[in-house]
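Residues per chain are reported as follows:
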Amino acid sequence: VEGIFELRRAVSEWMNKKYQSNFQSQDSVVSCGGKSALYLVCQALLNPGDEVLIPTPAWVSYGAMVKLCGGTPVFVGTREIRNWKLSARGGSALGGEIGEIENLENMCTSKTKMLILNNASNPTGVLYTKEEIKEILTFAKEKNLIVISDEVYSGLVYDGQEYISCASFPEFHDSVVVIQSCSKHFAMTGWRVGFALGPRELIDAVVALQGQETS
């Protein structure tokens, strides 16, 4: 149900080597594509009424998945003038005076449980720096939020830029779930192979769900 051990070991080793993470084989689950992995993580974590922060413009399925799991999507707008980037707080390391729409702190409530961060972003193509990601993860940990880091486009980075995974920060290991996919990295779209990597207790819950949802 969780995927063959050799593949789980391979994806964990691949993440550790490429993005300086520290995953064990048991910290990963193989799914029917990254989309399935993301949905099952939402199913495992969300209760009715839980709010999920989603930076926009965003992939159309994020909000629908949250609703299907009984949660409430809260869309946090970003603007082209700010390079479509999200800030945890105004006047942060992201630079300049950040308007409320780009400020996570102003959108976070007592019901907020999760942040879905798509880096690199579909559709804007925005790529966050190490400092920017650390700021967002620090804020999320302070607010006791789980961060689902959709990193399926991490292999499509150009212009000499460096990709920084949310899994590269060991201090946030317990609050980050990474979604990966073979479709974008290896042009294996039709194979429907994706992964979730994160805290073992959560991965175990995803495996249990997948045992009933898929096969």
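Each remark here, short or long, concerns the structure printed above.
Computed from a predicted model, the values in this text were never measured in an experiment. (Residues numbered from 1 in each chain as written. Predicted model: local features only at pLDDT ≥ 70, side-chain atom pairs only at ≥ 80, totals over all residues. Heavy atoms only, no water.)

Before going further, it helps to spend a moment on the pairing of strand S2 (residues 51-56). By the criterion of burial, S2 is predominantly enclosed, with 5 of the 6 residues buried. Here S2 runs beside strand S3 (residues 72-77); their pairing, made up of 6 bridges, is parallel. Looking at S3, one finds that Leu53 is bridged to Val74. This β-α-β element, S2 to helix H3 (residues 61-68) to S3, shows right-handed connectivity. The sheet contact formed by S2 and strand S4 (residues 112-118) spans 3 bridges and is parallel. Opposite Leu53, over in S4, you have Leu115 as the bridge partner. (Buried < 20%, exposed > 50% of the residue type's maximum accessible area, 1.4 Å probe, protein only. Helix = DSSP H or I, 4+ residues; strand = E, 2+ residues; numbered from the N terminus. Pairing = 2+ DSSP bridges. Right-handed = clockwise from strand over helix to strand, strands pointing away.)

The next subject is the packing of helix H2 (residues 34-45) against H3. Any two packed helices are characterised by the angle at which their axes cross and by the distance between the axes. Close contact between H2 and H3 brings their axes to 9 Å; oriented N to C, the two are set at 40°. When the axes of H2 and H3 are compared, the pair comes out oblique. Crossing handedness for the pair H2 and H3: right-handed. On the side of H2, the interface is formed by Lys35, Leu38 and Tyr39, while H3 contributes Ser61, Tyr62, Met65 and Leu68. Residues belonging to the contact of H2 with H3 are distributed by class as follows: 5 nonpolar, 1 polar and 1 charged. (Axes fitted to C-alpha atoms, helices over the stretch in contact; angles between N-to-C directions. Parallel < 35°, antiparallel > 145°, perpendicular 65-115°, else oblique. Left-handed = near helix turned anticlockwise from the far one by under 90°. Contact = heavy atoms within 4.5 Å. Nonpolar A, V, L, I, M, F, W, Y, C, P; charged D, E, K, R; others polar.)

Below, the discussion takes up empty space enclosed by the protein. One pass over the full model with this rule turns up 1 cavity of 30 Å³ or more. In terms of lining, the largest cavity is formed by 17 residues, of which the most central are Pro55, Thr56, Pro57, Asn118 and Ser121. Those elements giving two or more residues to the lining of the largest cavity turn out to be S2 and S4. (1 Å grid on protein atoms, 1.4 Å probe; cavity = no way out; pocket = protein on both sides within 12 Å on 5 of 7 lines; lining within 4 Å. Points joined across faces, edges and corners; volume = space filled by probe spheres on them.)

The next thing to look at is the packing of aromatic side chains. Scanning all chains against the criterion turns up 5 aromatic pairs. Between Trp14 and Tyr19 the ring centres are 6.1 Å apart and the planes differ by 80°, which places this aromatic pair in the edge-to-face class. For Trp14, a relative accessible area of 22% gives the class partly exposed. With a relative accessible area of 3%, Tyr19 lands in the buried category. Both rings, one in Trp59 and one in Tyr62, keep their centres 5.3 Å apart while their planes meet at 85°; by these two values the pair is edge-to-face. According to the relative accessible area criterion, Trp59 is partly exposed, its value standing at 25%. Feature note: the residues Trp14, Tyr19, Tyr163 and Phe186 constitute an aromatic cluster, connected by ring pairs. (Phe/Tyr/Trp six-rings, centres within 6.5 Å; stacked < 30°, edge-to-face > 60°.)

The terminal C-alpha atoms of H2 lie 17 Å apart, and with 12 residues this matches the ideal 16 Å at 1.5 Å per residue to within 8%. Those residues of H2 lying buried are Gly34, Ser36, Ala37, Leu38, Leu40, Val41, Cys42 and Leu45. (Expected span 1.5 Å × (residues − 1).)

This part covers unusual backbone geometry. Here the amide bond leading from Thr56 into Pro57 is cis, since omega sits at 5°, within 30 degrees of zero. Relative to the elements of secondary structure, Pro57 occurs in the loop between S2 and H3. For the peptide bond that leads from Asn119 to Ala120, omega is -5°, which places it in the cis range. Summarising the element assignment, Ala120 is placed in the loop between S4 and helix H5 (130-142). Non-glycine residue Gln20 carries a positive phi angle of around 55°. With respect to the helices and strands, the residue Gln20 is situated in the loop between helix H1 (5-19) and strand S1 (28-31).

Counted under the stated rule, the structure contains 4 salt bridges. Residues Asp50 and Lys113 are paired through a salt bridge, measuring 3.6 Å at the closest nitrogen-oxygen approach. Of this pair, Asp50 sits in the loop between H2 and S2 while Lys113 sits in strand S4, placing them 63 residues apart in sequence. On the basis of relative accessibility, which here comes to 14%, the residue Asp50 falls in the buried class. (Salt bridge = Lys/Arg side-chain N within 4 Å of Asp/Glu carboxyl O.)

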